[in-house]
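Residue-level structure breakdown
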Amino acid sequence: MINPYLPLPVKVQKITIENETKDLKTFDLEFCDKNDAEWFKYTCGQFAELSLLGIGEVPIGIASSPMDNRILQFTVKRYPIGVVSSTLHNLSEGDTIGIRGPFGNGFPMKDFEGSNLAIIGGGFALTTLRSLTKYIIHEKNRSRFGEITIMVAARDPGEMLYKYDLEEWSKREDIKLIRTIDREVDGWTGKVGFAAPVLKEISPSSGNAYAIVCGPPIMIKTCIAVLLELGFKASQIFNSLEMRMKCGIGKCGRCNIGSKYVCKDGPVFSYTQLEKLPQEY
Amino acid sequence: MIEEKIIKKNRLNAMLQELSKEYSIYIPAGENGDFRFCELRDTNDELVFWDYRNTRISPKEILFPHSEILYEFSRDESHQFSISQNNDDQRKMKNVILGIRPCDARAIGFLDRVFIGEPNERFVDPYYLKRRIHTIIISLACNRPQISCFCTSLNGRPDGEEGADIIAFDIGEEILLKTVTEKGKEFIKESSKWLGNVKKSDIDKKNKIFKESAKRINSRVSVEKVKEKLDDSFEADFWNEIHRKCLGCGICTFLCSTCHCFDITDETSADRGKRIKCWDSCMYPLFTLHASGHNPRPNYKERMRQRIMHKFNYCPENFKELFCVGCGRCIRNCPVNLDIREVINQVSQLK
């Protein structure tokens, strides 16, 4: 029987500082044992527990694409009171840590096939959306999806995640990429303004489409209002939620919203589901 | 087929002493009314717990210990960690829990739903499962329920069989054992040399005692509508009042026989350490505090609501079962006399 509490060892291959504040780092992890890599099959939108022995564990969305099965990537924000995130930020390339997962439901990829997708990410919540984007634009998958609109909102240019990917995506003709920052900055060529008004301006069509929104709570709320206004039905809107977690397998009892566990029944919920749950997140 | 056997109280210890070569046997032990499940010692003394009411700490601790080592780890000179799983099996693998009250036996059935789940469950708790499959539960029907007992309101009975493999009845000089499951039958078969056949007079005695005992449970709450009332009551004003006297000490959740929330935490010394699964409580603010500082349940109100909702709405939703067996521990031990029966009654009367 699988012991879901046991972490698998992974080596930190590379650490990338993502933002000017330097509190966001992306960790490239490689399984120490090739068999573990085979076993650890995930889908876009799932998460894993990064496990530091003697320190603790933290649930983080998987930022890499399932198409790249060699390396797992996680972007972690360092919080001063977050013991695990702080320790992770002090790691060096070559260090070994543990990983448990993959956990959670992930995005409903089968449902997304054949549809247009509006991918809306704010702040550092872009992580699993990056996994999703990289997956659908992969040459083996691209033809199965319709038009792709990606909107990325950040406080300022220096805080924008995955600049290297955004650069690449901006050159592709099969993606409509919109970048927006909160306030005017010299030399900025993207949009200026909060996510919701910019979303309204670009008005992605709701016909045969899904919208996936990840970001800070206020952004999710305002963007959902815009999407509903644009004619998206609740069942066409998806979110990915975060909660404090321990076990990751729906047993330890803390990450619930109503009767649903974010670790097991989520982290991806349609707005239809969210509407039925209490506002306790 | 149900089997019923009988054993004299003064012979029981001899039987258990022999069985203890193969099983770890847990029985209620204590004094002055303060009991807890302990492993049976090597002794010639007669067992004397027949009159005990119930343990303060629920026997869930035998299957779901307060703290349990998930695994140990150590770091070598080159800073590489290695994990070793604790093969706790110097000890005997098989357990017997004898004397657990029917309400608590029922609660174990509920914990099974959480930690083991359905046959196709994606994740099973292997630590719980390993103990559970090797445990035989012999419950002891209640001759004298307490004032704070209210099992009969929650589909339980002082002689309820749910969750037990065998149920024992104290009928005076003797104990009547009735098999409930195949596992129990197997156990009875193994122990047959100690057991005698039941006479009609024993059955009559049993029936008389337990007819009386069910009548002694006068405390009734109305749970029929609780689940559906709570469906629409998340934002009700009721929650602003009900938590007022709660100190947030969490004793209700620790002693509860169905509460199962836990924490995972690390203990280290020098280059060695342990990862430990230990009881936690939804009544504590840290339970849900995010590293960002955000807390979805920041106040007593939200935490009390979570406790009540989890038992009487979320678990019924997920497991089709109210997660309360009416054992009354939270009532007897609350430092400010918060009474869950009153909470249930108030919920039932919500508009």
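Reading the values: the criteria
Residues numbered from 1 in each chain as written. Chains lettered and ligands numbered in written order. Predicted model: local features only at pLDDT ≥ 70, side-chain atom pairs only at ≥ 80, totals over all residues. Pairing = 2+ DSSP bridges. Helix = DSSP H or I, 4+ residues; strand = E, 2+ residues; numbered from the N terminus. Axes fitted to C-alpha atoms, helices over the stretch in contact; angles between N-to-C directions. Domains from an automatic or database assignment. Contact = placed C-beta atoms within 7 Å. Core = buried A, V, L, I, M, F, W, Y, C linked by C-beta atoms within 7 Å. Buried ≥ 20, exposed ≤ 12 C-beta atoms within 10 Å, placed from the backbone. Nonpolar A, V, L, I, M, F, W, Y, C, P; charged D, E, K, R; others polar.

**Some thoughts on the sheet that holds strand S5 (residues 81–84) of chain B**
Residues and elements named next belong to chain B. On the basis of which strands lie adjacent, the open sheet formed by four strands has the order S5-S4-S12-S11 and antiparallel pairing. The outermost strands of the open sheet, each flanked by one partner alone, are S5 and strand S11 (262–269). On average, each strand axis in the sheet is inclined to that of its neighbour by 25°, with strand direction left out of account. Alignment of strand S4 (residues 67–75) against S5, held across four bridges, turns out to be antiparallel. Within S5, the residue paired with Arg75 across the bridge is Phe81.

**Describing the domain arrangement of chain B**
Reports of interface size often rely on the accessible area that becomes lost once the parts have come together. Residues and elements named next belong to chain B. Domain annotation for chain B reports domain 1 (4–215) and domain 2 (226–348). The C-alpha centroid of domain 2 is placed 25 Å from the C-alpha centroid of domain 1. Taken together, the contacts link 32 residues of domain 1 with 28 residues of domain 2. Among the elements of the structure, S4 and helix H3 (102–115) are those that each provide at least two residues to the side of domain 1 that touches domain 2.

**As for the nonpolar core**
Soluble globular proteins tend to bury their nonpolar side chains together. In this structure, A:Phe74, B:Val96, B:Ile97, B:Ile138, B:Ile166 and B:Ala168 are the most contacted members of the largest nonpolar core, which totals 111 residues. Looking at this core element by element, the count peaks at eight residues for H3(B). Excluding its chain neighbours within four sequence positions, the residues that come into contact with B:Val96 are B:Leu19, B:Tyr23, B:Ile25, B:Tyr26, B:Ile136 and B:Ile138. Core analysis: the second largest hydrophobic core is formed by 51 residues, A:Leu129, A:Ile136, A:Val268 and A:Tyr271 among them.

**Quick word on the interface of chain B and chain A**
Each side of the interface is counted separately: chain B has 34 residues, and chain A has 29 residues. Elements with a minimum of two residues in the side of chain B that touches chain A: S4, S5, H3, S11 and helix H10 (300–319) of chain B. Here the side of chain B that touches chain A gets five residues from one element, more than from any other, and that element is S11(B). Here the residues of the side of chain B that touches chain A sort into 20 nonpolar, eight polar and six charged.

**Details of the domain arrangement of chain A**
Residues and elements named next belong to chain A. Per the domain assignment, the segments making up chain A are domain 1 (8–102) and domain 2 (109–240). Placing a centre on the C-alpha atoms of domain 1 and another on those of domain 2 gives a separation of 24 Å. With 17 residues of domain 1 at the interface, the matching set in domain 2 holds 14 residues. By residue class, the composition of the side of domain 1 that touches domain 2 is six nonpolar, eight polar and three charged.

**A word on the sheet that holds strand S4 (residues 56–61) of chain A**
All names here are of chain A. Strands sit in the order S4-S3-S6-S1-S2-S5 across an open sheet of six strands; the sheet is antiparallel. Each edge of the open sheet carries a strand with a single partner, namely S4 and strand S5 (72–77). On average, each strand axis in the sheet is inclined to that of its neighbour by 40°, with strand direction left out of account. Bridge count between strand S3 (residues 47–52) and strand S6 (residues 96–103): four bridges; the pairing is antiparallel. Following the sheet pairing, Leu50 is matched in S6 by Ile99.

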